[in-house]
Amino acid sequence: MSRGIVLVGEHALFSAAAGLAPADVTVRWTASMGVRRPSGISCTVSARPTSAATPGTTALVHAEAAYRQAVRAATDHGCARAAARIVGAEVASTSRRVRALRRHWIPRLQEALAHVDLAPEQSEHEDSVRRRWAAQVLKGMERQTERDGPSEDRSARR
């Protein structure tokens, strides 16, 4: 490009670029494991129309071809870089979530599970203590009744 500008000047560059259409870029998107990212690029660089002025030197013709390739390469690179950035950000976010789960939530949930697991055992133990206590009270009342019953009969007989 600089060789062409030196040979024919900037005015020839502007006149050669006057009839060219801009490149048309279409981004295709996909989702992988819940991450939406660009999957590919369709880059169309239109050919020089026949009505457009021809470049003043072959250096500008070669520069035009090189810039067409550069635009295609830049769009491919931009797509790959954006996909890598998006996936990298999702990986970092997922690692933070996993770390939070491992450090905070999992220990809390394990502790709550241990309490829940112990609750039926404790309840059974309390029930068995109450049954034993009720049985002892019942036996004590039966003994008292047995003791009181014959003595009342004896006193009634006397």
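Not measured: the values here are computed from a predicted model. (Residues numbered from 1 in each chain as written. Predicted model: local features only at pLDDT ≥ 70, side-chain atom pairs only at ≥ 80, totals over all residues. Heavy atoms only, no water.)

**Topic: the overall build of the protein chain**
Scanning the protein chain for helices and strands turns up three helices and two strands. Starting at the N terminus and ending at the C terminus, the protein chain contains elements arranged as α-α-β-β-α. A separation of at least 24 residues holds for 53% of the contacts in the protein chain among residues at least 6 apart in sequence. When the accessible area of the protein chain is evaluated, it comes to approximately 12500 Å², of which 58% is carbon and sulfur surface. (Helix = DSSP H or I, 4+ residues; strand = E, 2+ residues; numbered from the N terminus. Contact = heavy atoms within 4.5 Å. Areas by Shrake-Rupley, 256 points an atom, 1.4 Å probe, with all protein chains shown as cover.)

**A short note on the pattern of salt bridges**
Opposite charge on two side chains lets them pair, provided their charged atoms get close. Going through the model one piece at a time under the given rule, you end up with four salt bridges. For Glu-64, the salt bridge identified is with Arg-68, shortest N-O distance 2.6 Å. Of this pair, Glu-64 and Arg-68 are both found in helix H3 (residues 58-157), four residues apart, which corresponds to roughly one turn of the helix. Arg-68 carries the same exposure label as Glu-64, and that label is buried. Of the charged contacts, one joins Asp-127 and Arg-130 as a salt bridge, the two residues approaching to 2.9 Å between their closest N and O atoms. A residue pair is termed a helical-turn pair when its members lie 3 or 4 positions apart in one helix, as Asp-127 and Arg-130 do in helix H3 at three residues. (Salt bridge = Lys/Arg side-chain N within 4 Å of Asp/Glu carboxyl O. Buried < 20%, exposed > 50% of the residue type's maximum accessible area, 1.4 Å probe, protein only.)

**Remarks on the pairing of strand S2 (residues 35-44)**
Alignment of strand S1 (residues 24-32) against S2, held across nine bridges, turns out to be antiparallel. Bridging across to S2, Thr-26 finds its partner in Ser-42. Between the antiparallel neighbours S1 and S2 lie two residues, among them Met-33 with a positive phi of about 50°. (Pairing = 2+ DSSP bridges.)

**Here's the deal with the environment of Arg-48**
For Arg-48, the position within the fold is in the loop between S2 and H3. Given the relative accessible area of 22%, Arg-48 is considered partly exposed. For Arg-48 and Leu-20, which are 28 residues apart along the polypeptide, the C-alpha to C-alpha distance reads 6.1 Å.

**As for unusual backbone geometry**
Despite not being glycine, Met-33 shows a phi value in the positive range, around 50°. The residue Met-33 is located in the loop between S1 and S2 in this model. Relative accessible area serves as the criterion here: at 86%, Met-33 is assigned to the exposed category.

**What about the confidence of the model for the protein chain?**
Across the protein chain, pLDDT averages 83, with 82% of residues at or above 70. Element-level mean pLDDT values for the protein chain span from 66 in helix H1 (residues 2-8) up to 92 in S1. (pLDDT = per-residue confidence, 0-100.)

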